[in-house]
Amino acid sequence: MGTGSKSSHQSYAVSPTALAEAPAAPLDITGAPAAGGESDLTGAAAGASGGPVFEVPELPEPVVAPAPLAEPPAGGDPVAELGGPLSTESEPEPVVSAAPSEEAVPEASAEGVAGDAVQSSDGEQPAEEAVLLQAEDIEEVQEEEEETDPPLTPVPAAPPVGEPTGTPILVGGDDFINSEATLVAYDSPDGPREVLLTHISEEAEEKLLDALSIPGTHMEEIQVEEEVKERLDLDKEKKLAELTKTAVSSVQHKLKTGSEMSDASIAKHQAAVDAVSAVLNDPSISDDEKAMAQHYMDQLNVVKDKIENGGAPMPWMDAYEVTTTKMVTKQVPVPDGDPEPGTLAATVRKASRIQANLDPATGQTSWDGVTRSSATGTEYEIDMGDGWKAVYRPYKDNDPKHTEYSLRGQLEVHAPAGAGHGKDLVERLEQLHLMNKPMTAAEGEWTYLANNIRAQGLEGSAGMKAAMDTAQGLQDLQVQEIVHQRMESLMGLDSDALQTAMKRIHLEASHKVLPMKVEVVRDAVAKASGFSSGAELAASPGYEPTPATGGKWLTWSRFDVTGKKAEIQDAFKGRSLTHNLNGGSLASLLGVGVLASTEKRAVMGIGGGLGMSEQADKMTGGANSVFLRVKKTPSSPGGGRLIWDDPSVLMRRSDYYAYNGDHYGAINPANGHYSAGAITRDPMKIAAFTGSSNEIMFRNGIDLLGAEAPSRIVCHTAAERSSILASLTARGITHLGGKPVEDVLCT
């Protein structure tokens, strides 16, 4: 895990001298908020670090100005060659020269770089003020963007109090699984308890850990006396170990292959003998040095015997070393050290969950802000200051074999008691080095493509890796360009201020280059899925790069299903998706309005015991999903059952996976129920399932009262049907999935 020490972990800083010359400026587009720096779009399975971690630059004198921006040829590929100039908008932002004239910029001294403010080109504006002004400019641009490209899910100032499912939102970038988060306002005696709940991707964890000071991981350099083994200086000077090993290796090869000894092997042996003999014959050497030389001569005598007589391969030869005591510098953990400047204090504790309570009479959820239920694993409680805190369950500290897999990556951000913190809950994510802006349509397409790559298994398709590398290269170039443009102001910053400035630069870079990244990846996805171009894919009927946001959940679709609905329906002909309520009340379920996963039920305040294997599902990872089965369409089903006679309603989603048997919804590779060969996301394979205990897992849950509503809800009795019908009517719900509720509710 991250050390929490800025001496070894510096985020968001990049050396302006990484390129010999300033790169050509990437496309200068005022785009959407940042879509993240990762080149891998596919989420938590990729194994990357989640964001670039750069060393803090020692800023040099300003470099030469970048080449002028070139106009692209009409209809040309905007990223045909990363090394060349990239196209611009018809009305680009003004570009500040990377290297003002010699008259305008004073020579930067070492002291100036260390901390003194460097004047701007007019000799008046300090560097830190310049960066702050740039930050204000960015915020103004973002406000203008919200008017032209508004958030897909506006963030409420105050989430509705007591709503168990909360308010689903989308956050820009790749830091969160499916870019999803939920704002929940629990009722409490002290006023609303507003919490942001989300799952960060494994790639983003290093960024979060870098924001923390965790006990036992904060490192401090100390001088200690330690016994070490090392070669003698004379050995290093005369290279006796190297010469002897060369002779041994050359002859050893001949012994292993049964080859005749070559003149080259004999010559290497003689060269080593000559060097060692010269040392042995020197009367001025010490006893240790004499023992060292004799050690190598003994080895060389064995080599001589093998040259002359052959035989079995020789034992491995070790260099001669002596034990000595030296003062060495070591980094050791400081268990109770103060947080480093710019980091947040974190406490390590046993994993837990919010223990909320759902009132069955009112349908409202409440929590006192304190009570938690225990879980198997480790979490960090993070002090964010001013009464704010966060709770995070890290991937790295939760062994998949022995802890609850469904908890890994879960993040809670808690506001102080009271209402009105909705937008602040999102903005506070920046303290954790995570993206903190609502997702816009441009970013939505990026996430949509990511989900389709994963759902359709396109990761290994021809051209996909090259497209990802190109997308990352575009962003890296844009970061470098902005750094060169702002060299003057960056040179006057101390380490902490430079960190802040670089974070903003990375965000701004991903803003500008996002449309080009989307275009590159869209084209690769199109070709991998049978389309001639990204433009053809985008124009196809099934291409829906925005999520369904009308209900309790936010879901992304997959174009290989939405574009082939008739084929999917034909594949499932005579078959339905079903869910049997193992326990609990059908009326209560419809009162809440969602079929929720084990993990979602926990934070909603719904008690355990409703699932078939809740604890096992937490270990397999299935607890983050709800379970359905493919069954022959039942004509007279039993009560307490949800039935989707048109499976395409749900198969359009991109977040499901399935087994043709009971695997407890396993996605944890360390769990015995997981099977890489049996798991599938292919709707055609799922349609052909024959196993009686097959299972299809949908992440988070299903909105039973929205567009994903089942075609039949089977009640146990006519009285139960009448009661539920009256409840739905009283709430103004007259249709489910486009059908009158009277036709959906049956016995």
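Our subject is the structure that appears above.
Residues numbered from 1 in each chain as written. Predicted model: local features only at pLDDT ≥ 70, side-chain atom pairs only at ≥ 80, totals over all residues. Heavy atoms only, no water.

> Before we go on, may I ask you to explain the overall build of the protein in this structure?
Counting its secondary structure elements, the protein contains 22 helices and 23 strands. The buried share of the protein, reckoned over its 747 residues, is 50%. Across the protein, contacts joining residues at least 24 apart in sequence account for 78% of those joining residues at least 6 apart. A total accessible area of about 32,700 Å² is found for the protein, and carbon and sulfur atoms account for 50% of it. (Helix = DSSP H or I, 4+ residues; strand = E, 2+ residues; numbered from the N terminus. Buried < 20%, exposed > 50% of the residue type's maximum accessible area, 1.4 Å probe, protein only. Contact = heavy atoms within 4.5 Å. Areas by Shrake-Rupley, 256 points an atom, 1.4 Å probe, with all protein chains shown as cover.)

> Before we go on, may I ask you to explain helix α7 (residues 287-309) in this structure?
With 23 residues, α7 extends 33 Å between its outermost C-alpha atoms, agreeing within 8% with the 33 Å of an ideal straight helix rising 1.5 Å per residue. Where α7 is concerned, the buried positions are M292, A293, Y296, M297, L300, V303, K306 and I307. Packed against the buried residues of α7 are α4 (233-238), α5 (240-257) and α6 (263-280). Within two residues after α7, G310 carries a phi angle of roughly 70 degrees, on the positive side. (Expected span 1.5 Å × (residues − 1).)

> For this particular structure, what's the right way to read the environment of N582?
With respect to the helices, strands and loops of the structure, N582 is situated in the loop between β13 (575-580) and α16 (586-592). Taking relative accessible area as the criterion, N582 reaches 46% and is therefore assigned partly exposed. Here the alpha-carbon distance between N582 and G640, two residues 58 residues apart in the chain, equals 8.0 Å. If near-sequence neighbours (up to four positions away) are discounted, N582 is found in contact with L610, G611 and M612.

> Would you mind showing me how to read the packing of aromatic side chains here?
Pairs of aromatic rings are described using the distance from one ring centre to the other and the angle between the two planes. By the definition in use, this model includes five aromatic pairs. A ring pair is formed by F531 and F559, whose centres lie 6.2 Å apart and whose planes are at 75 degrees; its orientation type is edge-to-face. Remark: F559 occurs in helix α14 (residues 559-562) and F531 occurs in the loop between α12 (495-528) and α13 (534-539); sequence separation between them is 28 residues. Ring centres of Y543 and F559 lie 6.3 Å apart, and the angle between their planes is 40 degrees; this geometry places the pair in the tilted category. In this pair, Y543 sits in the loop between α13 and α14 while F559 sits in helix α14, placing the two residues 16 residues apart along the sequence. Following the ring pairs from residue to residue traces out a cluster consisting of Y448, F531, Y543 and F559. One Lys or Arg, K517, reaches over the ring of W446 and ends 4.6 Å from the middle of that ring. (Phe/Tyr/Trp six-rings, centres within 6.5 Å; stacked < 30°, edge-to-face > 60°. Lys NZ or Arg CZ within 6 Å of the ring centre and 35° of its normal.)

> Which parts of the structure should I look at to understand the packing of helix α9 (residues 441-455) against α12?
A pair of packed helices can be characterised by two numbers: the angle between their axes and the separation between those axes. In the contact formed by α9 and α12, the axes pass within 10 Å of each other and the chain directions differ by 30 degrees. By the criterion of interaxial angle, the relationship of α9 to α12 is roughly parallel. Note that α9 runs across α12; the crossing there is left-handed. Touching A442, E443, E445, W446, L449 and I453 of α9 are L514, K517, V518, V521, R522 and V525, all from α12. By residue class, the composition of the contact of α9 with α12 is eight nonpolar, no polar and four charged. (Axes fitted to C-alpha atoms, helices over the stretch in contact; angles between N-to-C directions. Parallel < 35°, antiparallel > 145°, perpendicular 65-115°, else oblique. Left-handed = near helix turned anticlockwise from the far one by under 90°. Nonpolar A, V, L, I, M, F, W, Y, C, P; charged D, E, K, R; others polar.)

> Can you help me understand the sheet that holds strand β23 (residues 745-746) in this one?
Two orientations exist for strands paired in a sheet by backbone hydrogen bonds: parallel and antiparallel. Ordered by their spatial adjacency, seven strands build an open sheet running β17-β18-β15-β13-β16-β20-β23, and the pairing between neighbours is mixed. The open sheet has two edge strands, β17 (657-659) and β23, and neither has a second partner. (Pairing = 2+ DSSP bridges.)

> Looking at this structure, I do not really get the sheet that holds strand β11 (residues 388-392). What am I missing?
An order of β1-β2-β3-β12-β11-β10-β7-β4 is seen for the eight strands of this open sheet, with the pairing classed as mixed. Where the open sheet ends on each side, the last strands, each with one partner, are β1 (167-170) and β4 (212-213). With four bridges connecting them, β1 and strand β2 (residues 176-186) associate as antiparallel partners. Residue pairing across strands places T167 opposite L183, the latter belonging to β2.

> Which parts of the structure should I look at to understand the nonpolar core?
Buried together is how nonpolar side chains tend to be arranged in soluble globular proteins. Grouped together as the largest cluster of nonpolar side chains are 36 residues, with contacts concentrated most on L577 and F698. Looking at this core, the elements with two or more residues in it are α16, β15 (625-632), β16 (641-644), α19 (648-651), α20 (683-687), β18 (695-699), α21 (718-730) and α22 (741-744). Not counting the four nearest positions on each side in its chain, F698 is found in contact with L577, N624, S625, V626, L628, L650, M651, R653, D655 and Y656. One finds V171, I200, L208 and Y380 within the second-largest nonpolar core, a separate group that totals 31 residues. (Core = buried A, V, L, I, M, F, W, Y, C linked by side-chain atoms within 4.5 Å.)

> I'm lost on the pairing of strand β7 (residues 344-354) in this one. Help?
In the case of a regular strand, side chains alternate between the two sheet surfaces. With two bridges joining them, β4 and β7 adopt parallel strand pairing. Paired with L212 across the strands is L344, a residue of β7. Pairing between β7 and strand β10 (residues 372-385): eight bridges, direction antiparallel. The residue bridging A346 from the neighbouring strand is I382, located in β10.

> Just to check I follow, could you spell out the side chain of Q410 for this structure?
Position of Q410 relative to the elements: it lies in strand β12 (residues 410-414). At 3.2 Å, the side chain of Q410 forms a polar contact with the backbone oxygen of S406. Excluding residues within four positions of it along the chain, Q410 makes contact with T198, H199, V391, Y392, R393, E599 and N624. (Polar contact = N/O pair within 3.5 Å; in protein donor to acceptor, adjacent residues only side chain to side chain.)

> Can you walk me through the environment of R652 in this structure?
Mapped onto the elements, R652 comes out in the loop between α19 and β17. With relative accessibility at 25%, the residue R652 sits in the partly exposed group. Considered as a pair, R652 and K564 are 88 residues apart in the sequence and their alpha carbons are 9.7 Å apart. With near-sequence residues (within four places) excluded, R652 lies in contact with E544, W556, S557, R558, V561 and T562. Within the structure, the side chain of R652 is placed 2.5 Å from the side chain of E544, a separation counted as a polar contact.

> Sorry, what's going on with the pattern of salt bridges here?
Any two side chains of opposite charge can pair if their charged atoms end up close together. This model, assessed by the stated rule, comprises 27 salt bridges. Within the structure, one salt-bridge network assembled from shared partners comprises R349, R372, E379, E381, K389, R393 and E412. (Salt bridge = Lys/Arg side-chain N within 4 Å of Asp/Glu carboxyl O.)

> Please explain unusual backbone geometry as it appears in this structure.
Negative phi values dominate among residues other than glycine, just as trans dominates among peptide bonds. Phi is positive for S179, close to 60 degrees, though the residue is something other than glycine. Note on placement: S179 falls in strand β2. Judged by relative accessible area, which is 2%, S179 ranks as buried. We note that Y664 has phi near 60 degrees; this positive angle belongs to a residue other than glycine. For Y664, the location among the structural elements is in the loop between β17 and α20.

> What should I look at first to understand α5 in this one?
For the α-helix, the turn length of 3.6 residues means that residues three or four positions removed from each other point alike. For α5, with 18 residues, the first-to-last C-alpha span of 26 Å sits near the 26 Å given by 1.5 Å per residue. Every buried residue of α5 is listed here: L240, A241, T244, A247, V248, S250, V251, Q252, K254 and L255. Each element contacted by the buried residues of α5 is listed here: α4, α6 and α7. At the exit of α5 stands G258, carrying a positive phi of roughly 75 degrees.

> What's the story with the state of the cysteines in this structure? I'm lost.
Two cysteines, two sulfur atoms, one covalent bond between them: this is a disulfide. One pass over the structure, following the stated rule, counts zero disulfides. C715 forms no disulfide, and the closest cysteine sulfur to it belongs to C746, at a distance of 6.8 Å. (Disulfide = S-S within 2.5 Å.)

> Explanation requested: the side chain of Q485 in the structure shown.
By the element assignment, Q485 lies in helix α10 (residues 464-485). Polar side-chain contacts of Q485 include one of 2.9 Å to the side chain of E481.

> How should the pairing of β12 be read in this particular structure?
Burial within β12 is extensive, with five of its five residues counted as buried. Strand direction decides the pairing type here: strand β3 (residues 193-200) and β12, joined by five bridges, are antiparallel. The residue bridging L196 from the neighbouring strand is V413, located in β12. Sheet analysis places β11 next to β12, joined by four bridges and oriented antiparallel. Among the inter-strand pairings, V391 is bridged to a residue of β12, identified as E412.

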